[in-house]
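# What the coordinates show
These are the residues of each chain, in order.
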Amino acid sequence: MQISVPLKAFHKIWLLGIRVFALVAASYLGLSALAVAAEKESYNDRYCTTCHGTDGRGNEGIEAPRLAGMEEWYLRRQLENFRAGIRGYHPMDTAGIAMRPMAKLTDESITDIVDWVGGWDYEPTEITIEGNAQTGESLYGVCATCHGIDAKGNAAIGAPSLAGQNDWYLATQLINFIAGHRGRHEDDVYGQQMAAMVDTLTDESDVRDVVAYINSLEPR
Amino acid sequence: MVKSVSRREFLNLLGATGGTAAALRAGTALNLLPASASAAALDLLNLGSNRRKIAILGGGISGLTVAYELNKQGYDCTVLEASHRCGGRVLTLRHGDLIDEIGNRQYCEFDDEPHMYFNAGAARIPSTHRNLLSYCKKLNVELEVFINENKTSFVQDDNMLGGKPIRNIDYTTNMRGFMAELMAKAMSNEALDAPFTESEGETLLGMIRSFGDLSEDYLYTGSFRAGYAKGGFLKHGVQKDMIAFRDLLKSRLGRQVMGANEGDTGPILMQPVGGMDRIIAGFLHHVGDQVKYRAMVTSVQVTDNGVNVAYDQDGVRHNLSADYCFNCIPTHLMVGIEHNFPSDYVKAMKYVRRGEAYKAAFQAKRRFWEDMDAYGGISWSNTKSRQLWYPTHGIHKAKGILLGAYDYGGGMYHTVMSQDERIESHIADHEKIHPNFRELVEKPVTIGWHRMNHMLGCSARWSRNFGQGWSHEEESLYHTLQAPVNGRHFFIGDQISMHSAWQESAVMSAQWALNHMDAQVRVELA
Ligand SMILES: Cc1cc2nc3c(=O)[nH]c(=O)nc-3n(C[C@H](O)[C@H](O)[C@H](O)COP(=O)(O)OP(=O)(O)OC[C@H]3O[C@@H](n4cnc5c(N)ncnc54)[C@H](O)[C@@H]3O)c2cc1C
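In short, a report on the structure. Please read all numbers here as calculations on a predicted model, not as lab measurements.

### Some points on the overall build of chain B
- Broken down by element type, chain B carries 16 helices and 25 strands.
- The globule rule puts the C-alpha radius of gyration for 526 residues at 24 Å, and the 26 Å found for chain B is close to it.
- Counting only C-alpha atoms, chain B reaches 75 × 60 × 40 Å along its principal axes.
- Burial statistics for chain B: of 526 residues in total, 54% are counted as buried.

In structure tokens:
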């Protein structure tokens with residue numbers, strides 16, 4: 001038995017779009033190009049879910065975090081940062097290095113992808129990190145200024161939502177900020193703001209505790 | 001001076017930890033025909049008028065093995081393959097092919113000729129891989145011998161002889177000569193008692209002498225085995241000069257060079273004529289109509305009496321219900337796909353690390369290696385590109401495809417580079433062996449398996465303490481993942497074997513799962 005459920009109509013229009021585009025481009029370049037276009041296997045930039053999991057819900061196996069439910073402005077900024085090489089450049093930042101070439105995208109493609117990702121349903125992520133949420137709550141005090149009391153982010157400041165993100169990912173990012181693997185590039189304006197805020201986290205147990213507290217907040 | 005090896009040390013070496021006596025005993029106890037050498041005979045029940053639906057996730061060689069076997073017995077199979085092609089890590093590149101490395105997509109530009117192909121994944125089939133070979137036979141896949149070790153290929157190490165490449169035959173002949181001389185010295189030390197009878201000792205000494213081509217007084221003074229400095233056919237050959245032992249010891253490449261014909265690559269190696277993917281084509285000839293391409297699995301839900309699978313194809317999410325499910329999607333990708341697997345299963349899935357294999361290839365404008373007496377085989381260097389393979393196929397044709405890099409364990413070095421950096425790195429490395437390499441090659445392709453779409457690794461790494469074997473915990477995680485969920489969902493592929501990175505393991509894991517399911521179906525139908 002097979003049932004078919006249409007995805008977002010946009011996706012279909014987009015697929016139709018690339019086919020029409022390929023045809024127009026091919027006829028523009030003449031017949032030989034058409035022959036080549038017909039022979040060669042096509043590809044597109046919507047490969048994110050190979051790493052980021054079904055509907056962008058995150059994949060610990062690849063260390064690629066949840067994208068579903070991410071703020072459009074934050075998603076776009078991170079893609080642009082990876083593309084510009086101001087994130088994912090530090091040799092110790094292996095996960096960032098894995099992501100960086102995936103953001104070699106045109107502006108149009110980024111816009112398409114931000115729309116596409118916007119269509120995925122948000123689902124709360126699985127809890128994998130244990131820590132002392134009470135200690136975490138006091139550590140979170142300073143964070144609330146920017147990320148909000150409920151950790152749902154603050155667009156005006158440019159701080160993303162943390163609640164509901166994969167906890168293992170939050171932990172690696174905090175460790176990256178502390179170690180200087182993220183947020184030190186001179187053009188990384190927002191990353192620098194964040195990097196200046198991790199002094200209160202003195203060791204990995206602080207990181208675990210604050211993440212445990214974020215885990216305890218209502219995801220969305 | 002090299003510290004002389006005492007006889008006792010030598011004998012202990014022979015017997016590993018137990019000494020020679022243990023070594024002698026172990027010799028007689030050796031089972032020379034291990035069970036694994038025979039192909040498992042699958043005896044699956046034919047369904048007759050009964051119906052069973054099978055979902056096969058991933059068109060890797062293990063998935064196709066399942067489809068082929070069950071199709072014969074009347075099962076209704078559907079293979080869901082995320083990529084535009086089947087075969088997974090069995091990938092042969094030819095003219096016009098897409099290399100779907102995300103972040104670095106390429107089209108292969110090789111000339112369009114039958115011998116102009118590159119096996120970018122699996123490339124060699126040892127004669128002991130009986131199960132795989134039996135499918136080659138059944139599927140009419142023509143095989144030819146693959147030349148792995150070639151004594152006229154080169155060994156190059158910046159630390160040895162000023163970086164000058166030498167022929168494999170010079171390296172191995174001299175190395176063996178010196179090693180044999182040391183062994184002979186150890187054997188003639190009368191002060192030590194030996195567990196050998198006089199005749200055994202004589203046999204051994206004779207073997208040592210011929211191993212290294214030693215003189216009558218057990219000294220190594222060079223050997224004609226390395227070929228001639230000049231002459232040799234119409235005139236007497238002139239022996240080449242010896243290379244100093246100390247110079248050879250500047251390089252650690254001996255581990256690769258002297259071991260090229262040992263272990264997995266010890267048996268005769270073969271390759272399908274026309275490319276490794278002829279095996280995949282052979283399977284698809286029988287079950288091709290059951291494969292859905294660009295069908296990416298998004299959810300796997302095991303129920304009491306079956307498995308519900310969801311997948312995306314052409315922008316639409318579809319559902320497929322089956323009685324049984326065989327899954328060769330790499331575990332590190334499966335972790336990110338919706339599922340309702342039990343927690344111990346998930347723990348095992350997350351435990352497996354993904355490998356970092358990397359390969360590259362060039363089209364050679366002419367077969368320059370054949371002008372240098374090299375037909376097939378591997379040149380070894382201590383560069384990051386490590387290996388240069390001269391193709392066995394297409395001998396004496398105009399052009400050929402060279403393997404220009406193969407790093408099995410540390411492929412990230414090249415993987416993180418841009419395409420141009422990768423190519424430049426390989427060219428610079430091989431210029432050390434063939435000074436005009438740059439002018440001799442064109443149309444490169446590179447494959448970072450760690451970034452290949454729908455694969456992201458090669459191959460599953462279960463053991464974390466490399467070289468020391470598997471821990472008890474690892475063994476138990478492995479058995480957890482091998483066991484079916486609810487009797488309905490089977491993980492397959494070389495990831496469910498203790499010898500990953502071989503097609504034989506993938507095929508055998510599929511057969512293991514098939515036998516398991518077959519037993520269940522027999523009970524259901526009884
Ligand atoms: C560089 C290299 C060298 C090798 N050398 C040799 C050799 O010389 N000899 C040898 O015998 N073996 C060799 N191997 C190993 C051999 O290629 C593998 O063991 C074998 O091909 C693994 O088969 P598999 O069935 O486990 O699946 P894989 O080949 O891993 O296939 C998995 C399949 O799942 C698909 N998939 C992934 N995600 C999804 C999804 N969400 N939905 C649907 N489908 C999905 C993939 O596209 C793929 O087709 C080599 C491998 C590499 C990479």
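This is not the end of the story, as more comes after the structure.
### Notes on the interface of chain A and chain B
- Taken together, the contacts link 37 residues of chain A with 36 residues of chain B.
- Taking both sides of the interface into account, the surface hidden between chain A and chain B amounts to around 3200 Å²; carbon and sulfur atoms contribute 50%.
- In this structure, the connection of chain A to chain B is made through six salt bridges.
- Glu126(A) serves as the salt-bridge partner of Lys350(B), at 3.7 Å between the closest nitrogen and oxygen.
- Linking chain A with chain B are 15 residue pairs in polar contact (both at pLDDT 80 or more), by the criterion used here.
- Those elements that provide at least two residues to the side of chain A that touches chain B are strand S1 (4–6), helix H1 (9–29), helix H3 (48–52) and helix H5 (94–99) of chain A.
- Examining the composition of the side of chain A that touches chain B, we find that four residues originate from one element, H1(A), more than from any other.
- Split by residue class, the side of chain A that touches chain B holds 14 nonpolar, 13 polar and ten charged.

### Re the site of the ligand
All names here are of chain B.
- Inspection of the region around the ligand gives 37 residues, with Ser62, Glu81, Arg89, Arg124 and Asp494 positioned closest.
- For the ligand, a nitrogen atom lies 3.2 Å from a polar atom in the backbone of Ala82.
- Trp502 is positioned such that a nitrogen or oxygen atom in its backbone is 3.3 Å from an oxygen atom of the ligand.
- A total of 1000 Å² of accessible area belongs to the ligand in isolation, and the protein chains cover 98% of it.
- Listing elements by their share of the shell around the ligand, those giving two or more residues are helix H3 (61–72), strand S15 (296–303) and helix H16 (503–525).
- Looking at side-chain class alone, the shell around the ligand contains 21 nonpolar, eleven polar and five charged residues.
- Per-domain counts for the shell around the ligand show at least three residues from each of domain 1 (53–87 + 278–354 + 459–525) and domain 2 (92–153 + 266–276 + 356–451).

### Here we look at helix H4 (residues 130–138) of chain B
All names here are of chain B.
- Within H4, the full set of buried residues consists of Asn131, Leu132, Leu133, Tyr135 and Cys136.
- Each element contacted by the buried residues of H4 is listed here: H3, strand S7 (125–126), strand S8 (143–145), strand S13 (269–272), helix H9 (277–287) and H16.
- Positive backbone phi, approximately 55°, marks Asn140, located one or two places after H4.

### A closer look at the nonpolar core
All names here are of chain B.
- With 57 residues, the main nonpolar core has Leu57 and Phe341 as its most contacted residues.
- Residue contacts for Leu57: discarding those within four places in its chain leaves Leu80, Val297, Val300, Val309, Cys325, Phe326, Asn327, Cys328 and Ile329.
- Ala123, Leu204, Leu248 and Ala361 belong to the second largest nonpolar core, which has 46 residues in total.

### Some words on the packing of H4(B) against H16(B)
Residues and elements named next belong to chain B.
- Relative orientation of the contacting elements H4 and H16 amounts to 85°, with a least axis distance of 8 Å. Classified by the angle between their axes, H4 and H16 sit roughly perpendicular to one another. Across the interface between the two elements, Arg130, Asn131, Leu132 and Tyr135 from H4 touch Gln503, Glu504, Val507, Met508 and Gln511 from H16.
- Among the residues making up the contact of H4 with H16, the classes are represented as four nonpolar, three polar and two charged.

### Regarding the pairing of strand S20 (residues 358–364) of chain B
Residue and element names in this part refer to chain B.
- The element S20 is extensively covered by neighbouring structure, given that seven of its seven residues are classed as buried.
- Along S20, one buried face is formed by Tyr358, Ala360, Phe362 and Ala364 and the opposite face, lined by Lys359, Ala361 and Gln363, is buried too.
- Pairing analysis gives seven bridges linking S20 to strand S23 (residues 400–407), with the strands arranged antiparallel. In the sheet register, Tyr358 faces S23, and the bridge partner there is Asp407.
- In the sheet, S20 pairs with strand S24 (residues 441–448) via six bridges, with the strands oriented antiparallel. Residue Lys359 lies in a different strand from S24, and its bridge partner there is Ile447.

### Considerations on the sheet that holds strand S25 (residues 489–491) of chain B
Residue and element names in this part refer to chain B.
- Spatially, five strands are ordered S14-S2-S1-S18-S25 in an open sheet, and the strand pairing comes out parallel. Pairing within the sheet leaves two strands with one partner each, and these edge strands are strand S14 (291–292) and S25.
- In this structure, strand S1 (residues 53–57) lies alongside strand S18 (residues 324–327), joined through four bridges in parallel fashion. Directly across from Ala55, in S18, lies its bridge partner Cys325.

Rules and cut-offs
- The residue numbers shown here count from 1 along each chain, following its written sequence.
- Here chains are named by letter from A upward and ligands by number from 1 upward, in the order in which they appear as written.
- Only residues with pLDDT of 70 or above have their local features reported here, since the model is predicted, and side-chain atom pairs are shown and tallied only from 80 upward, although totals for entire chains, interfaces and linings are computed over all residues.
- Hydrogens and water are ignored here; the side-chain numbers use all heavy atoms of the structure.
- Secondary structure counts use DSSP, requiring at least four H or I residues in a row for a helix and at least two E residues in a row for a strand, with both numbered from the N terminus.
- Restricting the calculation to C-alpha atoms gives the radius of gyration, and the globule rule supplies 2.2 Å times the number of residues raised to the power 0.38.
- Exposure categories follow from relative accessible area, calculated using a 1.4 Å probe and restricted to protein chains: below 20% of the type maximum is buried, above 50% is exposed, and the middle band is partly exposed.
- Should any heavy atoms of two residues lie within 4.5 Å, those residues are counted as being in contact.
- Note on definitions: buried area is the accessible-area loss of two parts on being combined, 1.4 Å probe, summed for both.
- By definition, a salt bridge exists where a carboxyl oxygen of Asp or Glu is found within 4 Å of a side-chain nitrogen of Lys or Arg.
- Pairing of N or O atoms within 3.5 Å defines a polar contact, subject to two protein rules: one partner must be a possible hydrogen donor and the other a possible acceptor, and residues neighboring in sequence count only if both atoms are side-chain atoms.
- When residue character is reported, Ala, Val, Leu, Ile, Met, Phe, Trp, Tyr, Cys and Pro are called nonpolar, Asp, Glu, Lys and Arg charged, and the others, Gly included, polar.
- A molecule or strand has a residue near it when one of that residue's heavy atoms lies within 4 Å.
- Exposure was quantified through the Shrake-Rupley algorithm and a 1.4 Å probe, taking into account, for residues, occlusion by the shown protein chains and nothing else.
- Bear in mind that the domain bounds are from an automatic or database domain assignment.
- Here, the term nonpolar core denotes a set of buried Ala, Val, Leu, Ile, Met, Phe, Trp, Tyr and Cys residues that are joined through side-chain atoms within 4.5 Å.
- A fitted line through C-alpha atoms serves as each axis, taken over the contacting stretch for helices, and the angle formed by two N-to-C directions is quoted from 0 to 180°.
- Oblique is the label for any angle not covered by the other classes, which are roughly parallel (under 35 degrees), roughly antiparallel (over 145) and roughly perpendicular (65 to 115).
- Being paired, for any two strands, means DSSP has found at least two bridges between them.

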